[in-house]
Amino acid sequence: MRDTASMLPLVVRDLRLELDGRVLLDVPTVRIQNRRRTVVLGPNGAGKTLFLKVCHGLIAPTSGTMTYTGARPPSEIRRKQGMVFQKPVMLRRSVRSNVTHALALAGVGWSERQRIASETIAQFGLTALANQPARVLSGGEQQRLAIARAASLDPDLLFLDEPTSALDPTASRQIEEMLDFLHGRGVSMVLTTHDLGLARRFADVVLFFHNGRLVEEDEAKNFFSAPSSPEAQAFLENRLFW
Amino acid sequence: MTAVTCAGIVGLPIGAALALARFPGRTAIIVIVNTLMGFPPVVAGLAIFLLLSRSGPLGGFGLLFTPQAMMIAQFVLVLPIIVALSRQTIEDLWTEYRDHLTSLGANRLRSIPTLLWDGRFSLVTTMLAGLGRASAEVGAILIVGGNIAGFTRTMTTSIALETSKGDLALAMALGIVLMSLTLAINGLAYGISRVGARFTGRA
């Protein structure tokens, strides 16, 4: 059973990212809640990936604060979050070694690494591929491995950047099932997508971005039934909006 | 082989560090290292000769005209090749792995072992480039080794000597033997590298 403590909520305030005077990201206030699935929605170039990378600490913002206000001590916050990228980064090693490498970096001992890796690989249906080179797997298998690798670290919070964008419907379905399983175990998620179908099935909360700006934050059912911003309305109606 | 192995032990971590570190003057160092890949062997030989000669700062070790002096010369010539080529390999790999490794909490220093391991097949090629330089070396080792028969005479210096003596047949035969050895070593390393790459799915 998972440890029920969590680093969430994450409170983001006055977040701005600028490059050469151009505002790439502008987020006044957001609260990422524990055990909820937050979907970051918006067209290409809206700033969804940047928002994820800033929240995960891969990019330093120009200004603003991100505070994890949950029960975890600050020393555990880095270790208790994971990120899955749109194009999965596969180390030039076997499937199993990709998982054990992540665990090694997290400071897990050798025998424990082997046990967790075997469990995780089995849990996500990758046992038959365990000794295959990760880089020769199909796109769907690589994304499953990337999620399994992140899950092996037992995160409180997973950031997922367009995890199904390059996948066929079957592979996308498998990824969604993995995410449902992880959510059932209490993992909170922030997922970017421009796939409305996925967003409708998955989201508890929606953050809608347009041109780097957070223009709407709402419960999913409210957002999809009555979006308040013209940008979101246009996006949901599949209209172009400039 | 000893010189190349030592240059690999020293040069690969330096190349990786140079690929990942950000400090003032880094670009200048990269340009200098790249330039040193073409370091004229006779100039390197002369510098090492001056260092190791009786009146030089390292003269007390009595290394001049010994195999050790020749290895030092080869080490000096091979090291920039290994540093420069490994830096490029590791930098390319870092571009691909950076977000993932940072996400896992690894800083640049902690990422070096991962990058060296995952770049191992490209780095074999780097080591082979160093071996090629060392095995083809004449100028520097002739100066610091003295081409003493049975002691510091190598195939390349023998070829130079026999050619100057006019025994072209012997020089050519030695050249063929040297080429065959180099071909065998490169073929073996390439084969191992390809087999390894296939089993780890290198793209």
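Since we're looking at a predicted model, the values are computed, not measured.

How each quantity is defined
Residues numbered from 1 in each chain as written. Chains lettered and ligands numbered in written order. Predicted model: local features only at pLDDT ≥ 70, side-chain atom pairs only at ≥ 80, totals over all residues. Heavy atoms only, no water. Buried < 20%, exposed > 50% of the residue type's maximum accessible area, 1.4 Å probe, protein only. Helix = DSSP H or I, 4+ residues; strand = E, 2+ residues; numbered from the N terminus. Pairing = 2+ DSSP bridges. Contact = heavy atoms within 4.5 Å. Buried area = accessible area lost by both parts, 1.4 Å probe. Salt bridge = Lys/Arg side-chain N within 4 Å of Asp/Glu carboxyl O. Nonpolar A, V, L, I, M, F, W, Y, C, P; charged D, E, K, R; others polar. Expected span 1.5 Å × (residues − 1). Axes fitted to C-alpha atoms, helices over the stretch in contact; angles between N-to-C directions. Parallel < 35°, antiparallel > 145°, perpendicular 65-115°, else oblique. Left-handed = near helix turned anticlockwise from the far one by under 90°.

### Observations concerning the pairing of strand β3 (residues 37–41) of chain A
Residue and element names in this part refer to chain A. β3 sits mainly inside the fold: five of its five residues count as buried. Burial along β3 is two-sided: the residues Arg37, Val39 and Leu41 and Thr38 and Val40 are all buried. Looking at chain direction, β3 and strand β7 (residues 188–193) are connected through five bridges and run parallel. Residue pairing for β7: Val40 is matched across the bridge by Thr192.

### Observations regarding the interface of chain A and chain B
Facing the 21 residues of chain A at the interface are 22 residues of chain B. The junction of chain A with chain B conceals about 1,900 Å² of combined surface from both sides, 53% of it contributed by carbon and sulfur atoms. Seen at the junction of chain A and chain B, the total is four salt bridges. At the level of elements, α1 (48–56), β5 (81–84) and α3 (95–105) of chain A are the ones that each hand at least two residues to the side of chain A that touches chain B. For the side of chain A that touches chain B, the element with the highest residue contribution is α3(A), accounting for four residues. Here the side of chain A that touches chain B is composed, by residue class, of 12 nonpolar, three polar and six charged.

### Quick notes on helix α5 (residues 139–151) of chain A
In this model, α5(A) (13 residues) spans 18 Å end to end at C-alpha, consistent with the 18 Å of a helix rising 1.5 Å per residue. When you tally the buried positions in α5(A), you get 11 out of 13 residues, the bulk of the element. Looking only at α5(A), the buried set comprises Gly140(A), Gln142(A), Gln143(A), Arg144(A), Leu145(A), Ala146(A), Ile147(A), Ala148(A), Arg149(A), Ala150(A) and Ala151(A). Next to the buried residues of α5(A) lie β5, α3, α4 (110–123), β6 (157–161) and α6 (169–184) of chain A together with α4 (67–103) of chain B.

### Topic: the packing of helix α1 (residues 2–20) of chain B against helix α6 (residues 120–135) of chain B
Residue and element names in this part refer to chain B. Running from amino to carboxyl end, α1 crosses α6 at an angle of 135 degrees, the nearest separation of the two axes being 10 Å. The angle between α1 and α6 places the two elements in the oblique class. The way α1 lies across α6 gives a crossing that is right-handed. Contacts between α1 and α6 pair Val4, Gly8 and Leu12 from the former with Leu123, Met127, Gly130, Leu131 and Ala134 from the latter. Of the residues belonging to the contact of α1 with α6, the class tally is six nonpolar, two polar and no charged.

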